[in-house]
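The chain contents come next:
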Amino acid sequence: MNVQVISSVNEARTEDLQHKTVIVIDVLRATSTMLTALANGCRDITPVETVIQAKQLQENGVLLGGERNCKKIPGFDFGNSPLEYTESEVNGKSLVITTTNGTRAIQKAGKASRILIGSLLNARACAERVVSTCGEAVILCSGTNDAFALEDGLCAGLIAQELIDHMPSSKQVTLNDLGLSMLYAYRDVSDRLPETLLSCVNGKRLTRLGFRDDVLHCARVNVLPFAPAVQDGKIAASAACL
Ligand SMILES: O=C(O)[C@H](CS(=O)(=O)O)OP(=O)(O)O
Ligand SMILES: [Mg+2]
């Protein structure tokens, strides 16, 4: 299986994504937040690119979440902190979310045959789901404002490692050069991921803004057993088995 790792939304060309399984990663924090909300019983999540689109989807009982400049958007129920999306807040509810990078990456992958939502939290589940499919796969790192973000790259490396570990011996995983680089980088820091995430640009920024615990939450590996797909514009935990 050919697996291409793409460094940021800006680097993703439509022809690289269409007809492929695309795993979208935004470790800090969008995809980690979505997965946490689903793990806490959120019924479904609609990721949108703009604040206006989110507000247009606002209706009774629907929660609005997201950030601009790492901060909660005025009038929204939640920011982009996974720790806000507790069971008591989100269980059984629908959520519309917009973030600077992660929801933009999901929209960019719109021509993929399947879009999976990935992070360190569910890397193994993503790999297992990809192994069971045919065709090529892409790991799309959201990055930050069109630039590479280390936390997303390390997650791509972890997913590559999980793909290698779970691929039947009759099949091989072939990575592009960025994928190989991230695999080697992940192996190098796998025993100190929390410190590594706290030391990267986004980890430092979030810590400065009071979100250190978010970084530590997002640095946990393989704690969620599902890899949800985007279907008809929504992400649902039940779509994890489709
Ligand atoms: O809230 C976040 O962690 C970031 C904000 S910023 O772009 O790094 O300022 O958004 P995300 O879309 O989750 O990367
Ligand atoms: Mg990010």
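Residues numbered from 1 in each chain as written. Chains lettered and ligands numbered in written order. Predicted model: local features only at pLDDT ≥ 70, side-chain atom pairs only at ≥ 80, totals over all residues. Heavy atoms only, no water.

Going by an unreviewed UniProt entry, the chain carries the name Probable 2-phosphosulfolactate phosphatase and comes from Paenibacillus solanacearum. Entered under Catalytic activity (unreviewed entry) in the UniProt record, the comment concerning the chain runs "(2R)-O-phospho-3-sulfolactate + H2O = (2R)-3-sulfolactate + phosphate". As stated in UniProt under Cofactor (unreviewed entry), the record for the chain gives "Mg(2+)". (UniProt positions renumbered as here; feature names shortened; annotations may be inferred.)

Looking at the overall build of the chain
Within the chain, the secondary structure is distributed over eleven helices and eleven strands. Here the chain has a C-alpha radius of gyration of 16 Å; the compact-globule value for 242 residues is 18 Å, and the two agree. Projected onto its principal axes, the C-alpha coordinates of the chain cover approximately 50 × 35 × 30 Å. Counting the 242 residues in the chain, one finds 56% classified as buried. By sequence separation, contacts in the chain at least 24 residues apart represent 77% of the contacts at least 6 residues apart. Just so you have it, the chain exposes about 10,300 Å², and 48% of that area is on carbon and sulfur atoms. (Helix = DSSP H or I, 4+ residues; strand = E, 2+ residues; numbered from the N terminus. Rg over C-alpha atoms; globule rule 2.2 N^0.38 Å. Buried < 20%, exposed > 50% of the residue type's maximum accessible area, 1.4 Å probe, protein only. Contact = heavy atoms within 4.5 Å. Areas by Shrake-Rupley, 256 points an atom, 1.4 Å probe, with all protein chains shown as cover.)

Side note on the sheet that holds strand β8 (residues 137-141)
With parallel pairing, the five strands of this open sheet are ordered in space as β7-β2-β8-β1-β9. Here the strands that pair on one side only, and so sit at the sheet edges, are β7 (114-118) and β9 (174-175). For strand β1 (residues 2-6) and β9, the ladder comprises two bridges, and the chain directions are parallel. Of the residues in β9, the one forming a bridge with V3 is L175. Sitting on the sheet, helix α6 (residues 123-131) is in contact with β2 (21-25), β7 and β8, with an inclination near 160 degrees to β7. (Pairing = 2+ DSSP bridges. Axes fitted to C-alpha atoms, helices over the stretch in contact; angles between N-to-C directions.)

Quick notes on the environment of V173
Mapped onto the elements, V173 comes out in the loop between α7 (150-166) and β9. Measuring from C-alpha to C-alpha, the distance between V173 and V3 comes to 6.9 Å, with 170 residues separating the pair along the chain. Once residues lying within four places of it in the same chain are set aside, the contact partners of V173 are M1, V3, L163, I164 and M167.

Remarks on the packing of α7 against helix α8 (residues 177-189)
One can describe the packing of α7 onto α8 by two numbers: an axis separation of 7 Å at closest approach and a directional angle of 95 degrees. By the criterion of interaxial angle, the relationship of α7 to α8 is roughly perpendicular. In this structure, α7 uses G153, L154, G157, L158, A160, Q161 and I164 to contact α8, whose residues at the interface are M182, L183, A185, Y186, R187 and V189. When its residues are assigned to classes, the contact of α7 with α8 shows nine nonpolar, three polar and one charged. (Parallel < 35°, antiparallel > 145°, perpendicular 65-115°, else oblique. Nonpolar A, V, L, I, M, F, W, Y, C, P; charged D, E, K, R; others polar.)

Description of unusual backbone geometry
The bulk of non-glycine residues show a negative phi, and the bulk of peptide bonds are trans. Along the chain, L28 connects to R29 via a cis peptide bond; the corresponding omega equals -5 degrees. Mapped onto the secondary structure, R29 falls in the loop between β2 and α2 (30-39). For N69, which is not glycine, the phi torsion reads 55 degrees and is therefore positive. Using a relative accessible area of 68% as the deciding quantity, one classes N69 as exposed. Located in the positive-phi region is C70, a residue other than glycine, with phi close to 70 degrees. The residue C70 is located in the loop between β4 (62-68) and β5 (71-72) in this model.

Comments concerning the environment of A30
Inspection of the secondary structure puts A30 in helix α2. Sequence separation between A30 and G118 is 88 residues; the distance between their C-alpha atoms is 9.9 Å. Excluding residues that lie within four positions of it along the chain, A30 makes contacts with N80, T99 and G102.

Quick look at the layout of surface pockets
Left-over empty space is what a probe sized like a water molecule reveals as it rolls over the atoms. Counted as a void, the largest pocket has a volume near 220 Å³. Lining the largest pocket are 17 residues, with E67, C70, T100, N101 and R205 sitting closest to its centre. Its residues assigned to classes, the lining of the largest pocket shows four nonpolar, nine polar and four charged. Counted as a void, the second largest pocket has a volume near 160 Å³. Broken down by secondary-structure element, the contributors of at least two residues to the lining of the second largest pocket are β3 (44-47), α5 (102-108) and β7. Class assignment of the residues belonging to the lining of the second largest pocket gives a composition of five nonpolar, five polar and one charged. (1 Å grid on protein atoms, 1.4 Å probe; cavity = no way out; pocket = protein on both sides within 12 Å on 5 of 7 lines; lining within 4 Å. Points joined across faces, edges and corners; volume = space filled by probe spheres on them.)

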